Amino acid sequence: MPGVLHAFTHTIDGRAATSPTSFDVFNPATGAVFAQSPDASRAQLDQAVAAARRAFGPWSRLSFQERRTCLFQFAAAMRGQVEELAQVLVREQGKTLAECRKELSFVPLQIERLASIEVSGEVLRDDDVGRIELRYRPLGVVGIITPWNVPVGIAIGRIIQALYTGNTVVQKPSPYTPLATLRMGETARQVLPPGVLNILAGGNDLGSWMTEHPGIDKISFTGSVPTGKKVLAGASANLKRVTLELGGNDAAIVLDDVDPKAIAPQLFQAAFANCGQICVAIKRLYVPEKIYDAMCEALAEIARSIKVGDGLDPDSQMGPLQNKMQYDKVLGILEDTRRVGARILCGGHALDRPGYFIAPTIVADIAEGTRLVDEEPFGPVLPVIKYRDVDEAIRRANDTRYGLSGSVWTNDLERGAEIAARLEVGTAYVNQHHIPDATVPFGGAKESGLGREYSALGLKSYMEAQVVSIAPPR
């Protein structure tokens, strides 16, 4: 399929909607335009919000079981769309076809898992004085703004949390990767009541209009720290509820009781999946002096073996960076890395071909105070940092404004858990470092976010806590 011939449309009030203007969508494997996306106007946002508000009453009055049944039908419909959407996603996002299939196969499972979690109130007191209950009711209309790295997978988690808890949704995908999400909206039209889920594509202006819109009661945003701060400021005008899942500069601390060659494949996968474009990817690897050289070589050996290429090539193991802005940023970080005299063990350069390809890169003999260590590169580059003792490693790992997740790698599980608990992050792992689970709360500390997604805790963040205090008759 040389191009995507489908005519992409917004979903507003259960119907297809076009726009008088459109914008280009680029294939990151070629750097060339391959499709057009409709560009929503402010009037269309108003229409979508109005539709969501109309749908809110009937949808919110359904029971959890009734909404679950409807959402399970959505899951079944999405299960039948995996291969078609994967062909779109690989062209707009760049990851390999295998990775796209994995992301899209995860979507119906995520729907079913989230819509199976029990959400209930509790009795705080029940005595002669009276009965006090803590209940939860939906907020209203939820605006959801999602990024380009895992476009459909991230969107579906936020959408289902909002819908399952009785809210209605207006969702905006990244303008870099709008197409597969717009197609998901087409599927939703077949099974969800009109107005319950509205999906509009657009640029930064659309995101700003959403955060400031008086008809939207909550914003769930996933993206960079600077943009997250703008979202929070925009939402403050009418005190919208806000959940922010922002960037991370995740540190992994390796202890000296492991076999470097044995754990190198896990570490490499946790750092380089999706070309390093995952918020919870390992971005800094702290390794003790005793096994430092062996670890560096084990990781470099894997990096040298990776075939980088177009995600549609079945032999490709890693695709390009998603967009030119990110490509240029990573190349700038690599230039700074050379300037400070760090040792580039492999990679460190762009591939001589069209598109936004950078060779998998392992960097040794580098420390804090450099862009590669202090910033979130969000690309296929991993700094391996030497340390002398564990307390020093913990201090250095925590010396950052980020706090999304982190990990400890060891054969001593008790010691690993103790060290992991000292990391100033939202999620601390031992011998793993992976994408969140629907049943487990996920979110960041420090500037990596506000609030939690997933689990009963995350679901309740899409609802208003309400105390009902009942006094007996006097």
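Residues numbered from 1 in each chain as written. Predicted model: local features only at pLDDT ≥ 70, side-chain atom pairs only at ≥ 80, totals over all residues. Heavy atoms only, no water.

Caption draft 1: The arrangement of the overall build of the protein chain in detail. Within the protein chain, the secondary structure is distributed over 15 helices and 20 strands. Dimensions of the protein chain, computed from C-alpha atoms along their principal axes, come out at roughly 75 × 65 × 40 Å. Here the protein chain holds 474 residues, and the buried ones make up 58% of them. Measuring between centres, the 50 positive side-chain charges of the protein chain sit 4 Å from its 54 negative side-chain charges. (Helix = DSSP H or I, 4+ residues; strand = E, 2+ residues; numbered from the N terminus. Buried < 20%, exposed > 50% of the residue type's maximum accessible area, 1.4 Å probe, protein only. Lys, Arg positive; Asp, Glu negative; His and termini not counted. Charge placed at Lys NZ, Arg CZ, Asp CG, Glu CD.)

Caption draft 2: Representation of the pattern of salt bridges in the model. Counting across every chain of the model gives 31 salt bridges. Notably, a salt bridge pairs E376 with K283, separated by 3.1 Å at the nearest N-O pair. Of this pair, E376 sits in the loop between α12 (371-374) and β16 (381-387) while K283 sits in the loop between α9 (260-272) and β13 (284-288), and the two are 93 residues apart along the sequence. For the pair formed by E376 and K283, the shared burial category is buried. A salt bridge links R304 to E297; its shortest N-O distance comes to 3.2 Å. Take E297: its relative accessible area is 40%, and that puts it in the partly exposed class. Salt bridges sharing common partners tie together D126, R131, E133 and R135. (Salt bridge = Lys/Arg side-chain N within 4 Å of Asp/Glu carboxyl O.)

Caption draft 3: Broad picture of the packing of helix α2 (residues 64-79) against helix α5 (residues 151-164). Contact pair α2 / α5: the axes reach a minimum separation of 10 Å and the direction vectors enclose 150°. Between α2 and α5, the crossing angle belongs to the class labelled roughly antiparallel. Of α5, the residues touching α2 (which contributes F64, R67, R68, L71 and F74) are I156, I160, L163 and Y164. Class assignment for the residues of the contact of α2 with α5 results in seven nonpolar, no polar and two charged. (Axes fitted to C-alpha atoms, helices over the stretch in contact; angles between N-to-C directions. Parallel < 35°, antiparallel > 145°, perpendicular 65-115°, else oblique. Contact = heavy atoms within 4.5 Å. Nonpolar A, V, L, I, M, F, W, Y, C, P; charged D, E, K, R; others polar.)

Caption draft 4: Focus on the nonpolar core. Ranked by size, the top nonpolar core spans 61 residues in total, and within it I253, V254, L267, L285, L299 and I362 carry the most contacts. Not counting residues within four places of it along the chain, the set of residues in contact with I362 comprises F272, C296, L299, A300, A303, R343, I344, L345, C346, L382 and V384. Judged by nonpolar contacts, the second largest core, of 60 residues, contains V152, M184, V196 and C279. (Core = buried A, V, L, I, M, F, W, Y, C linked by side-chain atoms within 4.5 Å.)

Caption draft 5: Summary view of the sheet that holds strand β14 (residues 343-346). In spatial order, the strands read β14-β15-β16-β13-β12-β17-β18; together these seven strands make up an open sheet with mixed pairing. Single-partner strands in this sheet number two, and they are β14 and β18 (427-430). On average, each strand axis in the sheet is inclined to that of its neighbour by 20°, with strand direction left out of account. Looking at chain direction, strand β17 (residues 405-409) and β18 are connected through four bridges and run parallel. Residue pairing for β18: S407 is matched across the bridge by Y429. Contacting β17 and β18, helix α14 (residues 413-420) runs over the sheet at an angle of about 160° to β18. (Pairing = 2+ DSSP bridges.)

Caption draft 6: Fine view of unusual backbone geometry. Of note, the phi angle at C275 is positive, near 60°, even though the residue is not glycine. With respect to the helices and strands, the residue C275 is situated in the loop between α9 and β13. We classify C275 as buried; its relative accessible area is 3%. Here D365, not a glycine, exhibits a phi torsion of approximately 55°, which is positive. Within the fold, D365 resides in the loop between β15 (361-364) and α12.

Caption draft 7: Examining the environment of N274 more closely. Structurally, N274 is set in the loop between α9 and β13. We classify N274 as buried; its relative accessible area is 5%. In the structure, N274 is positioned 179 residues away from K95 in sequence and 5.9 Å away in space, judged by C-alpha atoms. Separated by 3.0 Å, the side chain of N274 and the backbone oxygen of N149 make a polar contact. (Polar contact = N/O pair within 3.5 Å; in protein donor to acceptor, adjacent residues only side chain to side chain.)

Caption draft 8: Layout of the pairing of strand β8 (residues 168-172). By the criterion of burial, β8 is predominantly enclosed, with five of the five residues buried. Side chains of β8 alternate between two faces, with T168, V170 and K172 and V169 and Q171 buried alike. Looking at chain direction, strand β7 (residues 141-145) and β8 are connected through five bridges and run parallel. Across the sheet, the residue bridging to I144 is Q171, located in β8. Handedness of the β-α-β unit built from β7, α5 and β8 comes out right-handed. (Right-handed = clockwise from strand over helix to strand, strands pointing away.)

Caption draft 9: Highlighting the environment of G443. Relative to the assigned elements, G443 resides in the loop between β18 and β19 (449-450). Judged by relative accessible area, G443 falls into the buried class, the value being 2%. When the C-alpha positions of G443 and E453 are compared, they lie 6.3 Å apart, and in sequence the two are ten residues distant. With residues near it in sequence (within four places) discarded, G443 still touches L404, G426, T427, G451 and R452.

Caption draft 10: Main features of helix α6 (residues 179-191). Of all 13 residues in α6, ten are buried, a share of seventy percent or more. Those residues of α6 that fall on the buried side of the exposure criterion are L179, A180, T181, L182, R183, M184, G185, E186, T187 and A188.

Caption draft 11: Here's a closer look at the packing of aromatic side chains. Enumeration according to the criterion identifies four aromatic pairs in this entry. Positioned over the ring face of F64 is R67, at 4.8 Å from the centre of the ring. Seen from the ring of F357, R353 lies directly overhead, with NZ or CZ sitting 4.2 Å from the centre. (Phe/Tyr/Trp six-rings, centres within 6.5 Å; stacked < 30°, edge-to-face > 60°. Lys NZ or Arg CZ within 6 Å of the ring centre and 35° of its normal.)

Caption draft 12: The sheet that holds strand β5 (residues 122-126), seen in detail. The three strands lie next to each other as β5-β6-β20, forming an open sheet whose pairing is antiparallel. Both outer strands of the open sheet, β5 and β20 (463-470), are each paired with one neighbouring strand and no more. On average, each strand axis in the sheet is tilted by 25° relative to the strand beside it, whichever way the strands run. Summarising the sheet, strand β6 (residues 131-138) and β20 pair through eight bridges and their orientation is antiparallel. In the sheet register, R131 faces β20, and the bridge partner there is I470.

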